[in-house]
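Remarks on the overall topology
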Amino acid sequence: MPRHVAIIMDGNGRWAQLRGKHRTYGHKAGAEAVRAAVAFCRKRGIEALTLFAFSSENWKRPEQEVSVLMELFFTVLKREVKKLHKHNVRLRIIGDVSGFSERLQQRIREAEQLTAENTALQLNIAANYGGRWDISQAARQLAERVAAGQLRSDEVTETTLGECMQLADQPAPDLLIRTGGEHRISNFLLWQLAYAEFYFSQVLWPDFNDREFAAAIADFSCRERRFGLTSEQIQQAILDTDVTAEE
Ligand code: IPE
Ligand code: IPE
Ligand code: MG
């Protein structure tokens with residue numbers, strides 16, 4: 001079982017267009033699929049779920065689509081946060097929230113504060129998020145500490161930089177799912193996905209259901225994660241842990 005699953009929820013626009021509807025209709029349907037994915041993770045005991053909802057590049061879309069997405073984000077937050085809290089889900093928004101309206105920022109803060117102590121599932125929503133933004137904001141934090149004399153430049157390492165990245169307090173994603181048929185990362189968690197297993201689904205996001213999610217998990221469970229080691233080393237490590245477990 002993966003501890004942390006990340007999902008690029010792609011294909012809302014095409015899902016709507018296939019039905020002769022406006023793209024925004026697909027985004028509304030996509031919000032329902034989010035609810036199902038969260039419930040799936042709770043039932044399966046997955047610790048963390050990170051969903052890509054809006055990229056830093058998505059601002060370039062037609063103004064009307066962007067404003068519908070912002071409004072949807074606002075209403076879904078309002079509607080769902082009590083239910084999430086009831087189900088002991090902890091919510092966090094990752095991304096540059098300063099790009100949002102003050103009203104939306106306020107709602108985000110309230111939702112995060114309300115759910116801050118919850119422990120059943122960590123739900124991260126990536127909104128106005130870009131992997132390059134994440135790396136550069138981390139670099140900026142370290143640069144400021146170096147300039148202030150609190151850190152030496154030779155202390156800028158993978159560890160200290162990693163500590164400044166979004167999600168640093170959570171295990172790295174084990175599994176990345178992208179729906180909608182594209183085989184690309186689209187500036188999602190560039191740093192954090194270094195050793196994630198990738199799973200691509202043809203299914204458009206609003207059609208992504210428990211069966212599709214279970215298929216992704218089943219595929220993941222057949223992978224051998226080697227982290228740079230050889231297969232023999234991995235097999236030996238598994239034997240060693242089995243022996244320790246028996247003792
Ligand atoms: C993903 O679906 C949702 C967002 C990017 C906000 P799309 O809107 O990208 O749907 P397609 O890929 O155009 O079908
Ligand atoms: C990635 O989807 C972003 C989200 C799912 C929020 P896009 O539809 O924006 O990605 P590209 O443009 O096809 O790479
Ligand atoms: Mg898309």
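My aim in this report is to walk through the structure given alongside it, one point at a time. Here the structure is a predicted model, which means the values were calculated and not measured.

Thresholds applied
Residues numbered from 1 in each chain as written. Chains lettered and ligands numbered in written order. Predicted model: local features only at pLDDT ≥ 70, side-chain atom pairs only at ≥ 80, totals over all residues. Heavy atoms only, no water. Helix = DSSP H or I, 4+ residues; strand = E, 2+ residues; numbered from the N terminus. Contact = heavy atoms within 4.5 Å. Near = heavy atom within 4 Å. Polar contact = N/O pair within 3.5 Å; in protein donor to acceptor, adjacent residues only side chain to side chain. Areas by Shrake-Rupley, 256 points an atom, 1.4 Å probe, with all protein chains shown as cover. Nonpolar A, V, L, I, M, F, W, Y, C, P; charged D, E, K, R; others polar. Core = buried A, V, L, I, M, F, W, Y, C linked by side-chain atoms within 4.5 Å. Buried < 20%, exposed > 50% of the residue type's maximum accessible area, 1.4 Å probe, protein only. Pairing = 2+ DSSP bridges. Axes fitted to C-alpha atoms, helices over the stretch in contact; angles between N-to-C directions. Parallel < 35°, antiparallel > 145°, perpendicular 65-115°, else oblique. Left-handed = near helix turned anticlockwise from the far one by under 90°. Salt bridge = Lys/Arg side-chain N within 4 Å of Asp/Glu carboxyl O. Expected span 1.5 Å × (residues − 1). Bend = angle between axes of the 7 residues up to and from the residue.

Here the focus is the environment of Ile7. Within the secondary structure layout, Ile7 lies in strand E1 (residues 4-8). Considered as a pair, Ile7 and Gly130 are 123 residues apart in the sequence and their alpha carbons are 14 Å apart. Not counting residues up to four positions away in its chain, the partners in contact with Ile7 are Leu49, Thr50, Leu51, Phe52, Leu176, Ile177, Phe188, Trp205 and Phe213.

Moving on to the site of ligand 2. Around ligand 2 sit Ile8, Met9, Asp10, Phe52, Ala53, Phe54, Asn58, Arg61, Arg178, Arg184 and Ser186, and those are all the residues in its vicinity. At 3.2 Å from an oxygen atom of ligand 2 is found a side-chain nitrogen or oxygen belonging to Arg61. In this structure, an oxygen atom belonging to ligand 2 sits 3.4 Å away from a side-chain N or O atom of Arg178. Notes on ligand 2: free accessible area 380 Å², of which the protein chains cover 79%. When its residues are assigned to classes, the shell around ligand 2 shows 5 nonpolar, 2 polar and 4 charged.

Around ligand 1, the structure places Met9, Asp10, Gly11, Asn12, Gly13, Arg14, Arg23, His27, Ala53, Asn58, Arg61 and Leu69. Between ligand 1 and the protein, one listed contact pairs an oxygen atom with a backbone N or O atom of Gly11 at 3.4 Å. Between an oxygen atom of ligand 1 and a main-chain N or O atom of Gly13, the distance comes to 2.9 Å. Among the secondary structure elements, those contributing two or more residues to the shell around ligand 1 are helix H1 (12-18) and helix H2 (23-44). With 3 residues, the top contributor of residues to the shell around ligand 1 is H1. Split into classes, the residues belonging to the shell around ligand 1 amount to 3 nonpolar, 5 polar and 4 charged.

Turning our eyes to something else, we now look at the nonpolar core. Membership of the largest hydrophobic core comes to 42 residues, with the highest contact counts inside it found for Ile7, Leu49, Leu123, Ile177 and Phe213. Per element, the largest residue contribution to this core is 8 residues, and it comes from helix H3 (residues 63-86). The contacts of Leu123, once residues within four sequence positions are left out, are Val38, Leu49, Leu51, Leu84, Val89, Arg90, Leu91 and Arg92. By size, the runner-up hydrophobic cluster in this structure holds 12 residues, among which are Ile8, Ile94, Tyr129 and Leu189.

Here we come to the sheet that holds strand E4 (residues 121-129). Adjacent strands of a sheet pair through backbone hydrogen bonds, lying either parallel or antiparallel. Read from one edge of the open sheet, 6 strands run E3-E4-E2-E1-E5-E6, paired in parallel fashion. Of all strands in the sheet, those bounded by a partner on one side alone are strand E3 (89-94) and strand E6 (197-200). Ignoring which end each strand starts from, the neighbouring axes of this sheet average 20 degrees apart. Both strand E5 (residues 175-178) and E6 contribute to a ladder of 4 bridges, which runs parallel. Counterpart to Leu176 in the pairing with E6 is Phe198.

Attention now moves to the packing of H2 against helix H7 (residues 210-221). Contact pair H2 / H7: the axes reach a minimum separation of 10 Å and the direction vectors enclose 50 degrees. Regarding the angle of H2 to H7, the classification is oblique. Once H2 is placed against H7, the crossing between them reads as right-handed. Of the residues in H7, those in contact with Ala36, Ala37, Phe40, Cys41, Lys43 and Arg44 of H2 are Asp210, Phe213, Ala214 and Ile217.

This part is about the pattern of salt bridges. For the structure shown, the criterion picks out 23 salt bridges. Between Arg3 and Glu47 there is a salt bridge whose closest N-O contact spans 2.8 Å. Of this pair, Arg3 sits in the segment before E1 while Glu47 sits in the loop between H2 and strand E2 (48-55), and the two are 44 residues apart along the sequence. Accessibility expressed as a relative area gives 44% for Arg3, which makes it partly exposed. By relative accessible area, Glu47 is classed as partly exposed at 36%. Taking the shortest distance from any N to any O, the salt bridge between Lys43 and Asp210 comes out at 3.4 Å. In this pair, Lys43 is assigned in helix H2 and Asp210 in helix H7, connecting sequence segments 167 residues apart.

Once that is clear, we can look at H3. Residues spaced three or four apart along an α-helix face the same direction, because each turn holds 3.6 residues. Taking 1.5 Å of rise per residue, the 24 residues of H3 would be expected to cover 34 Å, and the 35 Å separating its terminal C-alpha atoms lies within 8% of that figure. The largest bend in H3 comes to about 40 degrees, at Glu80. Buried within H3 are the following residues: Glu65, Val66, Val68, Leu69, Met70, Leu72, Phe73, Phe74, Leu77, Glu80, Val81 and Leu84. Elements in contact with the buried residues of H3: H2, E2, E3, helix H4 (102-115) and E4.

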